[in-house]
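As a plain string of letters, each chain reads:
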Amino acid sequence: METEKRPRAKCNPQEIALKSFFLGPQAENATWVLPLLDGVFNRWVQWRRSLFPQDGKAISARDQKDQEFIARRQDFERVAYELVTRFEEEVPKFSPRYIGHMFSEVSLPALIGHIVTLLHNPNNISGESSRVGTQIEDEAVRFLLLMTGFSEKHGMGHFTSGGTLANFEALSRAHSRYALWLSAEAALANATRDKNLFQKFDPVMAAHSGWEGFDETIRELKERSVSEKEILNWNMGFQNPLELAARIEGLSRQEFLGPVMLVPENKHYSWKKGAHLFGGGIESIWPIRLDGKGRLSIDHLKHLIDLAIVKGRPIQLVVSVVGTTELGGIDPVCEVQDVLDRWRSASGVHIWHHVDAAYGGFFRTLDLKKSKTFSQNALKALASIPRVNSITLDPHKLGYVPYSSGAFLTREKRDYYFMSFDSAPYIDFDAAFDRGPFTIEGSRSAAGAVATWMTAKTIGLHPKGYGLLLERTARICRELESKVEKAGLPIQIAPGCDTNILCFTCARPGEALSVSNQRTIKIFEAFSPKNNGAFIVSKTSLNWAAYSAYLDEWVSQWSGQRDANEVVLIRMCMMNPFFGSIETKVNYADSFIDALRCELET
Ligand SMILES: *Cc1c(COP(=O)(O)O)cnc(C)c1O
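Just so it is clear, the structure is predicted and the values come from calculations on it, not from any experiment.

The rules behind the values
Residues numbered from 1 in each chain as written. Predicted model: local features only at pLDDT ≥ 70, side-chain atom pairs only at ≥ 80, totals over all residues. Heavy atoms only, no water. Helix = DSSP H or I, 4+ residues; strand = E, 2+ residues; numbered from the N terminus. Rg over C-alpha atoms; globule rule 2.2 N^0.38 Å. Buried < 20%, exposed > 50% of the residue type's maximum accessible area, 1.4 Å probe, protein only. Contact = heavy atoms within 4.5 Å. Areas by Shrake-Rupley, 256 points an atom, 1.4 Å probe, with all protein chains shown as cover. Lys, Arg positive; Asp, Glu negative; His and termini not counted. Charge placed at Lys NZ, Arg CZ, Asp CG, Glu CD. Salt bridge = Lys/Arg side-chain N within 4 Å of Asp/Glu carboxyl O. Pairing = 2+ DSSP bridges. Axes fitted to C-alpha atoms, helices over the stretch in contact; angles between N-to-C directions. Phe/Tyr/Trp six-rings, centres within 6.5 Å; stacked < 30°, edge-to-face > 60°. Lys NZ or Arg CZ within 6 Å of the ring centre and 35° of its normal. Near = heavy atom within 4 Å. Polar contact = N/O pair within 3.5 Å; in protein donor to acceptor, adjacent residues only side chain to side chain. Nonpolar A, V, L, I, M, F, W, Y, C, P; charged D, E, K, R; others polar. pLDDT = per-residue confidence, 0-100. Domains from an automatic or database assignment. Buried area = accessible area lost by both parts, 1.4 Å probe.

Asks: Help me understand the overall build of the chain, please; the structure alone is not making it clear to me.
Replies: Counting secondary structure elements, the chain contains 20 helices and twelve strands. In summary, the chain has a C-alpha radius of gyration of 27 Å against a globular reference of 25 Å for 602 residues, a match within 12%. Taken over the C-alpha atoms alone, the chain extends approximately 100 × 80 × 45 Å along its principal axes. Taking all 602 residues of the chain together, the buried fraction comes to 52%. For the chain, long-range pairs separated by at least 24 residues make up 75% of all intrachain contacts whose partners lie at least 6 apart in sequence. Per element, the accessible surface of the chain, about 29,000 Å² overall, is 52% carbon and sulfur. In the chain, 70 side chains carry a positive charge and 71 a negative one; their mean positions are 3 Å apart.

Written out as structure tokens, the structure reads:
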């Protein structure tokens, strides 16, 4: 009898269990996954047959033998296999040799969730078009609220097509809130302007009055019989903003240039798109500088808040990033919230804090007290997320869920208020409600929510599920980093990669950046998805405009000569847990370093 050699000594049983959640690089789990898929499709067929059997059949066995029918059917089957063949040219994201962008193998539970949803095609725009899909979305939102550390009871959210749309949701809600608070205060100031009650109107204080302040103002307006229409007359979302700005200037007797958003330089480009779409223009983004570690600078944030208040610009929101697009870095969420809390307690200024955790949100499943792979700063930032106003998550990144699946969550129901719905922010979200009027998107597939729900129910959004998986990917990443470091190659590893991302540039000490950048680009091309190389990586670049303190510090460490305005990086998102497998015939880390050495020497 053949005995299988299993080097179990180093593999802990919980990590072995994780292997049941993926098909496996060689489709190892196909033996039981194919029957499961077959069972799923069979149940779908049976379900249809069971519903209105008395109706009789519309397609007869005779129809199916018809010449023309057979010809069209065979044609269709041929095209189906043509399509399958065509996709065999697709980027092989399932392979541990793919260490490029922020995607990897999808998990089996997510895939099954996605497939089952497709078979029913629910549209989560409303309960009428999705009876089960909308319920599952509610449940999946609750799972994500718990993962985020928000309360299930007070929090609110929905699924989006991705992180970009979730960031837009944050912008639209922060804008709705700012415009609403400002409108109530402006209406009150206007109602009292001719009386000796009138005090100087300050649009910044008005725009940050807080929900309690807002409620109080509404009570006062009611006492004075100011109508809802009159309040809307001061709302940026309903009026011509240019004309309204002029009226606000009339009230305050100072220039009014509209709100700004404070977004760190390490931002994803969705924020620029958002500034365009929401009409603020790029000028409305005030970039927060980065420190020497590539993270949002608290000193500069404080400076920008002071400046905005002095200049009479309301702050629509402050963004911090958990899992930056370039380095996977984590901003100091705790310290940012501390700054905002001080403004609130000292001056009654309520400022919205949004965390763009499209990439890093799922690291909330780590054991934040025991993780050995993540830095104390990263763990502290993750632990502070429950304090912020809202968050963007992308299950289609570290949730191992198929596209498209993003999510937007708020800590408090009232912050979920969405302007296009005209009956003020008193809607009862507790009763079953149709999301259509409250989402930027109209028709929405339930698939992303259902896939996420499946993974939460199976893998688990906790330290023994996703936490274990993600801790493993970060550990594999750091092991690769230390091997690369010791390999004696002309490589400089980028600091500040807090998570499971590894970035490096191919530079020799003292070399000009123009030379090392060119070498790095050449290495990228050897490992780009266009080539059939042994591995696939991605590339990014850091420029001095955004990363000045960081680059000054890092580039001087190898005495690089600055004759270019950017440093080109090889970027590897280590998401595939099988990269660290000890059972495979290749050791992927050693094999990658060999391939890299080979390219660097030619
Ligand atoms: C990926 C990402 C986004 C955009 O998400 P999409 O799903 O691609 O729309 C936004 N912010 C950050 C930090 C990201 O990593």
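Asks: Would you mind showing me how to read the pattern of salt bridges here?
Replies: Where charged atoms of side chains with opposite charge meet at close range, the side chains can pair. Under the counting rule described, the total for this entry stands at 27 salt bridges. Where arginine 73 meets glutamate 77, a salt bridge forms, and the shortest distance between an N and an O atom there is 3.1 Å. Placement of both arginine 73 and glutamate 77 in helix H4 (residues 67-87) is noted, with a separation of four residues, approximately one turn of the helix. Look at arginine 73 and you get partly exposed, because its relative accessible area is 39%. With a relative accessible area of 34%, glutamate 77 lands in the partly exposed category. Taken together, the salt bridges that share partners define one network made up of Glu15, Arg472, Arg475 and Glu479.

Asks: Would you mind showing me how to read the sheet that holds strand E2 (residues 156-160) here?
Replies: Within a sheet, adjacent strands bond to each other through the backbone by hydrogen bonds, running parallel or antiparallel. Strand order in the open sheet made by the seven strands is E2-E8-E7-E6-E5-E3-E4, with mixed pairing throughout. Bordering the open sheet on either side are E2 and strand E4 (285-288), each of which pairs with just one other strand. Across the sheet, the mean angle separating the axes of adjacent strands is 20 degrees when strand polarity is ignored. Of the strand pairs in this sheet, strand E3 (residues 260-264) and strand E5 (residues 315-321) are connected by three bridges, and their pairing is parallel. In the sheet register, valine 260 faces E5, and the bridge partner there is isoleucine 315. Packing of helix H6 (residues 131-148) onto the sheet brings it into contact with E2, strand E7 (390-393) and strand E8 (406-410), and relative to E2 it is tilted by some 110 degrees. On the sheet, helix H14 (residues 333-347) packs against E5 and strand E6 (353-357) and is oriented at approximately 165 degrees with respect to E6.

Asks: Honestly, the packing of aromatic side chains in this entry has me stumped. Any pointers?
Replies: Given two aromatic rings, their pairing is described by the distance between the two centres and the angle made by the two planes. Per the stated rule, a full pass over the model turns up 17 aromatic pairs. Relative to tyrosine 400, the ring of phenylalanine 22 lies with its centre 5.6 Å away and its plane at 75 degrees, an arrangement referred to as edge-to-face. Here phenylalanine 22 is found in the loop between helix H1 (13-18) and helix H2 (30-51), whereas its partner tyrosine 400 is found in the loop between E7 and E8, with 378 residues between them in sequence. Exposure class is identical for phenylalanine 22 and tyrosine 400. Each is buried. On the numbers, 6.4 Å between centres and 85 degrees between planes, the contact of phenylalanine 103 with tyrosine 403 is edge-to-face. Here phenylalanine 103 is found in the loop between strand E1 (98-99) and helix H5 (108-120), whereas its partner tyrosine 403 is found in the loop between E7 and E8, with 300 residues between them in sequence. Members of the aromatic cluster, joined through ring pairs, are Tyr547, Tyr550, Trp554 and Trp558. Positioned above the aromatic ring of phenylalanine 103, the side-chain terminus of lysine 93 is 4.9 Å from the ring centre. Above the ring of phenylalanine 535, the side-chain terminus of arginine 97 is found at 5.0 Å from the ring centroid.

Asks: Honestly, the site of the ligand in this entry has me stumped. Any pointers?
Replies: Taken together, 15 residues sit near the ligand, with Thr164, Asp356, Asp394, His396 and Lys397 positioned nearest. Here an oxygen atom of the ligand sits 2.6 Å away from a polar atom, N or O, in the side chain of threonine 164. Taking lysine 397, its side chain carries an N or O atom lying 2.8 Å from an oxygen atom of the ligand. In isolation the ligand has 380 Å² of accessible area, and contact with the protein removes 86% of it. Among the elements that take part in the shell around the ligand, helix H7 (residues 163-192) stands out by supplying three residues, more than any other. In the shell around the ligand, the residues fall into three nonpolar, nine polar and three charged.

Asks: Any chance you could explain the sheet that holds strand E9 (residues 492-493) here in plain terms?
Replies: Ordered by their spatial adjacency, five strands build an open sheet running E1-E11-E12-E10-E9, and the pairing between neighbours is mixed. Two strands in the sheet have a free side with no partner beyond their single neighbour: E1 and E9. With six bridges joining them, strand E11 (residues 536-543) and strand E12 (residues 566-573) adopt antiparallel strand pairing. The residue bridging leucine 542 from the neighbouring strand is valine 567, located in E12.

Asks: I tried to follow the confidence of the model for the chain on my own but got confused; where do I start?
Replies: Keep in mind that low pLDDT regions are not for reading the predicted coordinates in detail. For the chain, per-residue confidence averages 94 on the pLDDT scale, and 95% of positions sit at 70 or higher. Per-residue pLDDT stays below 50 along residues 1-8; that stretch engages in three contacts with residues further than four places along the chain or on separate chains.

Asks: I'm lost on the domain arrangement of the chain in this one. Help?
Replies: The accessible area lost on association of the parts is a frequent measure of interface size. Taken domain by domain, the chain consists of domain 1 (1-42 + 85-107 + 462-602), domain 2 (123-162 + 398-458) and domain 3 (163-393). Each of domain 1 and domain 3 was reduced to a C-alpha centroid, and the two centroids are 36 Å apart. Between domain 1 and domain 3, the contact holds 32 residues from the first and 27 residues from the second. Together, the buried faces of domain 1 and domain 3 total about 2,400 Å²; carbon and sulfur atoms form 59% of this surface. Three residues stand out in domain 1 for area buried against domain 3, namely Glu471, Asp498 and Tyr547, and they jointly supply 26% of the buried area on that side. Connecting domain 1 to domain 3 are two salt bridges.

Asks: Explain the pairing of E2 to me, please; I cannot follow it from the model alone.
Replies: Successive side chains on a regular strand alternate, one facing one side of the sheet and the next facing the other. Burial of E2 is extensive: five of the five residues sit out of reach of the surface. Of the strand pairs in this sheet, E2 and E8 are connected by five bridges, and their pairing is antiparallel. For phenylalanine 159, the partnering residue across the bridge sits in E8 and is alanine 407.

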